[in-house]
Amino acid sequence: MRAARARTPRRPKATPSNVLKDPVGVYCRVRPLSEQDVECCIEVVSDTTVQLHPPDGYRIFRNGEYKETQYTFKEVFGTLVTQKQLFDVVAKPLVEDLIRGKNGLLFTYGVTGSGKTHTMTGSPGDGGLLPRCLDMIFNSIGPFQAKRFVFKLDDKNGVDVQCEVDALLERQRREAMPVQKTPSGKRQIDPEFADMINVQDHCKVEEVDEDSVYSVFVSYVEIYNNYIYDLLEEIPYDPIKPKWNSCNTPMRKGDKWNSCSTPMRIDDFIPPQSRVLREDQNHNMYVIGCTEVEVKSTDEAFEVFWRGQKRRRIANTQLNRESSRSHSVFMIKLAQAPLDADGDNVLQEKEQITLSQLSLVDLAGSERTNRTKAEGSRLREAGNINQSLMTLRTCIEVLRENQMYGTYKMVPYRDSKLTHLFKNYFDGEGKVRMIVCVNPKAEDYEESLQVMRFAEMTQEVEVARPVDKPLCGLTPGRRFKNQAFKDELSRKLEARGGPVIGETEDQSVTEMFLQNFPPLPSCELLDINDDQTLPRLIDALEKRHKARQMLSEEFAKNALAFKTMMQEFDTKMVSKENFAQGKLAEKEKAIAGQRMEIERLEKKNKTLEYKIDILEKTATIYEEEKRTLQQELESKSQKLQRQASDKRRLEARLQGMVVETTTKWEKECERRVAAKQLEMQNKLWVKDEKLKQLKAIVTEPKPEKPERPSREKDRERGLQRSVSPSPVPNPPPVRLRHRRSRSAGERWVDHKPSSNVPTETVMQPHVPNAITVATASEKALAKCDKYMLTHQELASDGEIETKLIKGDVFKTRGGGQAVQFTDIETLKQESPTGRKRRSSQSSPNPPEDGAESEWTDVETRCSVAVEMRAGSSLGPGYQHHAQPKRRKP
């Protein structure tokens with residue numbers, strides 16, 4: 001038994017950038033109108049365009065709308081185009097590709113009664129595309145055909161090559177088998193199709209590889225109600241049209257007539273078995289168990305086709321007297337293999353065999369049941385035909401969408417046996433051509449409109465271009481070179497007078513036979529009285545005669561013995577042959593049982609494949625969910641990482657702010673402590689001064705009491721001692737004053753960037769005799785000796801801090817200008833803070849004997865000035881410039 005067949009792997013998707021593609025070639029053929037048809041709805045505009053216009057009744061039904069549509073094809077054939085012209089344009093390139101080892105598909109498409117079968121098959125005296133393709137094939141490879149059974153097809157859509165001895169034994173075995181008496185056994189040409197194959201064109205392919213041998217295999221199947229049937233299957237009766245008795249029941253096998261009284265057994269009537277589609281190792285679809293016949297001529301091939309054509313399902317409908325009720329597929333396989341180095345025998349290497357296929361498809365016509373008035377089985381047939389054609393249209397639409405928009409939608413090939421059979425042509429390599437047959441009569445306008453739309457859309461689908469077959473690497477022209485060498489050798493042997501090998505062997509046997517006879521004496525008579533020569537001659541002749549008789553008797557005896565031996569050998573051979581036939585019958589029974597087991601295993605394998613498909617789809621769904629969850633997990637992980645990163649940055653920022661705030665408050669605390677110390681020192685100094693004044697008053701002698709000056713004079717004297725102006729309710733606006741730079745008198749470059757913000761403070765830095773620029777330049781630096789850059793930044797207390805960066809300008813050795821920075825001045829803007837001022841006028845009743853009230857008085861505070869000493873380690877030093885005002889005792 002064969003091992004279980006593994007599941008066919010999925011085809012990897014080919015990248016469009018690496019594969020050259022050609023569009024599907026779509027041609028249109030217009031059928032001539034019959035005599036009774038008057039109105040025409042299709043007009044041929046040019047060689048590539050047809051125009052459809054609605055008939056009058058259609059315009060009335062559609063509220064008077066009139067819309068003409070034009071459709072463009074690769075080429076349009078009018079009503080006067082012959083079958084030969086159509087063949088030269090459409091089918092001839094496919095036959096040329098077939099002989100060069102490339103696949104091809106040609107199918108006719110259209111509504112019922114549009115001439116599809118006539119285009120494919122033809123009529124008596126005018127053959128169609130199919131017989132012309134066969135004639136061209138055999139005209140091209142006729143002298144290069146291999147003997148029968150040199151190529152042998154296997155059951156996996158492959159081909160094997162056999163040597164001449166194995167092929168001879170196979171031919172003898174087939175000749176010894178009893179020939180079944182069926183209509184296919186007739187060797188004479190059927191007169192029904194004799195005129196169809198009588199093609200006088202003698203069309204052939206140029207430049208056929210003469211160093212190869214070829215064999216043609218044909219098969220014929222039909223797709224009926226979405227089931228595949230073999231039209232070449234040999235059965236003892238017609239499965240399509242069985243004989244029926246008077247009781248309307250099928251007759252049993254072997255009965256000439258079956259009356260109503262004879263019971264009918266169900267197992268006697270066996271309907272034809274449907275076939276199953278499979279995919280081979282090259283991803284090509286094929287029909288399992290399909291009959292494939294090796295043919296050697298056009299007559300033989302067309303006879304096989306006609307035999308299957310008679311079994312094809314046809315029926316009479318309202319629209320067509322012989323309407324095809326199934327899709328027919330006639331497949332031509334061409335096996336070719338190179339000759340060996342001597343050019344005599346076929347090269348026994350399976351890798352060098354090329355198997356190409358040309359499929360000729362006659363699709364059943366689409367039809368509307370309201371027009372055909374179909375019922376029962378005809379209605380079911382019409383539904384299946386329309387469904388398969390609709391699936392074909394859907395596959396074409398999905399292919400077009402995937403190729404035009406880059407999508408990856410699944411093409412529903414498996415929804416119909418028709419599309420599943422030709423899946424490899426659209427997904428793989430090969431040339432696809434379609435002939436759209438249309439009937440221009442007005443009744444078919446709507447159907448023709450749908451056909452035209454589908455055909456024009458099909459032109460946008462692209463199919464991978466087939467690649468050329470690889471070269472075998474042997475010397476070209478070896479077949480005729482070897483034959484020429486043999487002819488030249490025979491000619492030279494004849495010129496020298498040397499016999500051929502067979503004549504030399506006959507002469508040597510004759511010489512050996514004559515040497516066994518006694519030699520003849522001399523027959524020359526020199527004297528009339530010579531009485532010895534003649535007696536010697538007579539004696540020698542008698543001896544020779546006796547020897548001849550002895551040899552004849554021995555030959556007869558040996559011949560009799562050989563005849564007896566041959567009879568015994570023949571008897572033994574007959575007995576052995578009978579024994580071998582018995583063994584062969586046993587083996588055939590065993591093979592039949594194994595085939596049944598194989599079929600069971602194939603069915604089981606099919607069930608398992610279906611389960612595997614379901615599991616794969618489920619696994620795909622789970623993988624998609626897993627991928628989605630992984631993406632969500634990755635996005636959430638990235639989000640968490642970003643949050644952690646933001647948290648770390650925030651922590652670092654907060655830590656920096658804490659450090660900055662801590663430093664700021666430490667400095668503020670130090671400043672406040674220093675201010676508090678200064679305040680306490682000032683209070684202590686004031687108390688010391690008061691004590692000194694009190695001591696001076698107590699210890700010094702009392703002079704005469706002087707005249708007290710007036711309050712106005714004390715007030716004027718106090719105003720003279722005061723540094724600060726007296727507070728007024730509405731002070732006048734302050735005029736801006738510029739601080740004199742310490743480097744005045746030199747020429748400066750004042751570099752103020754455009755981003756600087758005016759501070760609008762009372763004191764402003766001012767450098768006279770300066771060149772103010774927004775961007776430093778060599779030209780400005782060359783005119784000055786000093787450089788000052790004004791830089792602003794935000795201090796920690798939120799105020800603007802201005803830095804004046806100063807430097808000297810000097811020339812470099814290269815002739816340029818350089819700046820060496822020497823000093824940095826910092827200007828800060830501070831808002832007035834501290835305790836509130838209280839004037840003497842605002843407090844009419846101040847305490848007279850408190851030191852604190854005396855210190856906080858405006859006049860007292862204004863009479864004291866403070867000046868910071870440079871270089872003091874304790875902060876600001878204080879110097880008294882005025883005497884405090886004495887209060888009234």
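### A short note on the overall build of the chain
So, point 1. For the chain, the count of helices and strands is 18 helices and 29 strands.
So, point 2. Put simply, the chain has 889 residues, and 33% of those count as buried.
So, point 3. Total accessible area on the chain is roughly 59,400 Å²; 53% of this is exposed by carbon and sulfur atoms.

### Side note on a nonpolar patch on the surface
So, point 1. A contiguous nonpolar patch, built from Phe 562, Met 565, Met 566, Phe 569 and Met 573 and spanning about 500 Å² of accessible area, is present on the exposed surface.
So, point 2. Summarising the element assignment, Met 573 is placed in helix α14 (residues 533-699).

### Quick word on the pairing of strand β27 (residues 786-794)
So, point 1. Where strand β24 (residues 748-751) lies against β27, 4 bridges are found, and the strand directions are parallel. Residue Trp 748 lies in a different strand from β27, and its bridge partner there is Lys 786.
So, point 2. Summarising the sheet, β27 and strand β28 (residues 800-811) pair through 9 bridges and their orientation is antiparallel. The residue of β28 that forms the bridge with Thr 790 is Leu 804.
So, point 3. The hairpin formed by β27 and β28 contains 5 residues between the paired strands, and Gly 798 there has a positive phi angle of roughly 90 degrees.

### Here's the deal with helix α6 (residues 298-311)
So, point 1. Its 14 residues place the ends of α6 20 Å apart at the C-alpha level, agreeing with the 20 Å of an ideal helix rising 1.5 Å per residue.
So, point 2. Burial runs high along α6: 12 of the 14 residues are buried.
So, point 3. Buried within α6 are the following residues: Thr 298, Glu 300, Ala 301, Phe 302, Glu 303, Val 304, Phe 305, Trp 306, Arg 307, Gly 308, Gln 309 and Arg 311.
So, point 4. Where α6 is buried, its residues contact α3 (116-121), α4 (129-141), β12 (212-224), β16 (293-295) and β19 (327-338).

### Overview of the packing of aromatic side chains
So, point 1. In this structure the tally under the stated criterion is 9 aromatic pairs.
So, point 2. For the ring pair Tyr 220 and Phe 330, a centre distance of 5.6 Å and an interplane angle of 80 degrees mean the geometry is edge-to-face. Here Tyr 220, found in strand β12, pairs with Phe 330, found in strand β19; they are 110 residues apart in sequence, far enough to count as distant.
So, point 3. Look at Phe 305 and Phe 330: their rings are 5.3 Å apart centre to centre, the planes differ by 80 degrees, and that puts the pair in the edge-to-face class.

### Notes on the packing of helix α2 (residues 83-99) against α4
So, point 1. Interaxial distance between α2 and α4 falls to 9 Å at its minimum, and their mutual angle equals 45 degrees. Put simply, α2 runs oblique to α4. Of the two elements, α2 crosses α4, and the hand of that crossing is right-handed. Counted together, Gln 83, Lys 84, Leu 86, Phe 87, Ala 91, Lys 92, Val 95, Glu 96, Leu 98 and Ile 99 of α2 and Leu 129, Arg 132, Cys 133, Met 136, Ile 137, Ser 140 and Ile 141 of α4 form the full contact between these two elements.
So, point 2. Residues belonging to the contact of α2 with α4 are distributed by class as follows: 11 nonpolar, 2 polar and 4 charged.

### As for the packing of helix α8 (residues 377-405) against helix α11 (residues 445-458)
So, point 1. Interaxial distance between α8 and α11 falls to 10 Å at its minimum, and their mutual angle equals 35 degrees. Crossing handedness for the pair α8 and α11: left-handed. The segment α8 lies against α11, with Leu 392, Arg 393, Ile 396, Glu 397 and Arg 400 engaging Gln 450, Arg 453, Phe 454, Met 457 and Thr 458.

### With respect to the pairing of strand β21 (residues 431-438)
So, point 1. The element β21 is largely enclosed, with a buried count of 7 among its 8 residues.
So, point 2. Here 6 bridges tie strand β2 (residues 25-30) to β21, and the two strands are oriented parallel to one another. By the bridge assignment, Gly 25 is partnered in β21 with Arg 433.

### Quick word on unusual backbone geometry
So, point 1. Positive phi, close to 60 degrees, is recorded for Glu 207, a residue that is not glycine.
So, point 2. One can find Glu 207 in the loop between α5 (164-176) and β12.
So, point 3. Unlike most non-glycine residues, His 283 shows phi in positive territory, near 65 degrees.
So, point 4. Among the secondary structure elements, His 283 is positioned in the loop between β14 (277-279) and β15 (285-287).

### Focus: the sheet that holds strand β4 (residues 49-52)
So, point 1. Strand order in the open sheet made by the 3 strands is β3-β4-β5, with antiparallel pairing throughout. Of all strands in the sheet, those bounded by a partner on one side alone are β3 (42-44) and β5 (69-72). For this sheet the average axis-to-axis angle between neighbouring strands, irrespective of direction, equals 25 degrees.
So, point 2. In this fold α11 packs onto β3, β4 and β5, with an angle of close to 40 degrees to the strand it touches most, β5.

### Side note on α4
So, point 1. With 13 residues, α4 should cover 18 Å at 1.5 Å per step; its first-to-last C-alpha distance of 19 Å lies within 8% of that length.
So, point 2. Burial within α4 is extensive, with 12 of its 13 residues counted as buried.

### Some details on the sheet that holds β28
So, point 1. Read across the sheet, 5 strands follow the order β26-β24-β27-β28-β29 without closing on themselves; strand pairing throughout is mixed. A single partner strand is all that each edge strand has here, and the edge strands are β26 (770-773) and β29 (817-828). Between one strand and the next, the sheet's axes are offset by a mean angle of 25 degrees, whatever the strand orientation.
So, point 2. Direction of pairing for β24 relative to β26: parallel, over a ladder of 4 bridges. Counted as the bridge partner of His 751 is Val 773 from β26.

### Remarks on the pattern of salt bridges
So, point 1. This structure, assessed with the given rule, holds 28 salt bridges.
So, point 2. Of the charged contacts, one joins Lys 803 and Glu 793 as a salt bridge, the two residues approaching to 3.6 Å between their closest N and O atoms. With Lys 803 in strand β28 and Glu 793 in strand β27, the pair connects residues that are 10 residues apart, well separated along the chain.
So, point 3. Here Lys 803 falls in the partly exposed class, since its relative accessible area comes to 26%.
So, point 4. Taking relative accessible area as the criterion, Glu 793 reaches 34% and is therefore assigned partly exposed.
So, point 5. Here Glu 825 and Lys 806 are joined by a salt bridge, their closest N and O atoms 2.7 Å apart. Placement of the pair is Glu 825 in strand β29 and Lys 806 in strand β28, with a sequence separation of 19 residues. Both residues of the pair, Glu 825 and Lys 806, belong to the buried class.
So, point 6. A cluster of three or more residues bridged by salt bridges with shared partners is formed by Glu 170, Arg 173 and Arg 174.

Reading the values: the criteria
Residues numbered from 1 in each chain as written. Predicted model: local features only at pLDDT ≥ 70, side-chain atom pairs only at ≥ 80, totals over all residues. Heavy atoms only, no water. Helix = DSSP H or I, 4+ residues; strand = E, 2+ residues; numbered from the N terminus. Buried < 20%, exposed > 50% of the residue type's maximum accessible area, 1.4 Å probe, protein only. Areas by Shrake-Rupley, 256 points an atom, 1.4 Å probe, with all protein chains shown as cover. Patch = residues over 30% accessible without salt bridge, like charges linked within 9 Å, V, L, I, M, F, W, Y side chains within 5 Å. Salt bridge = Lys/Arg side-chain N within 4 Å of Asp/Glu carboxyl O. Pairing = 2+ DSSP bridges. Expected span 1.5 Å × (residues − 1). Contact = heavy atoms within 4.5 Å. Phe/Tyr/Trp six-rings, centres within 6.5 Å; stacked < 30°, edge-to-face > 60°. Axes fitted to C-alpha atoms, helices over the stretch in contact; angles between N-to-C directions. Parallel < 35°, antiparallel > 145°, perpendicular 65-115°, else oblique. Left-handed = near helix turned anticlockwise from the far one by under 90°. Nonpolar A, V, L, I, M, F, W, Y, C, P; charged D, E, K, R; others polar.

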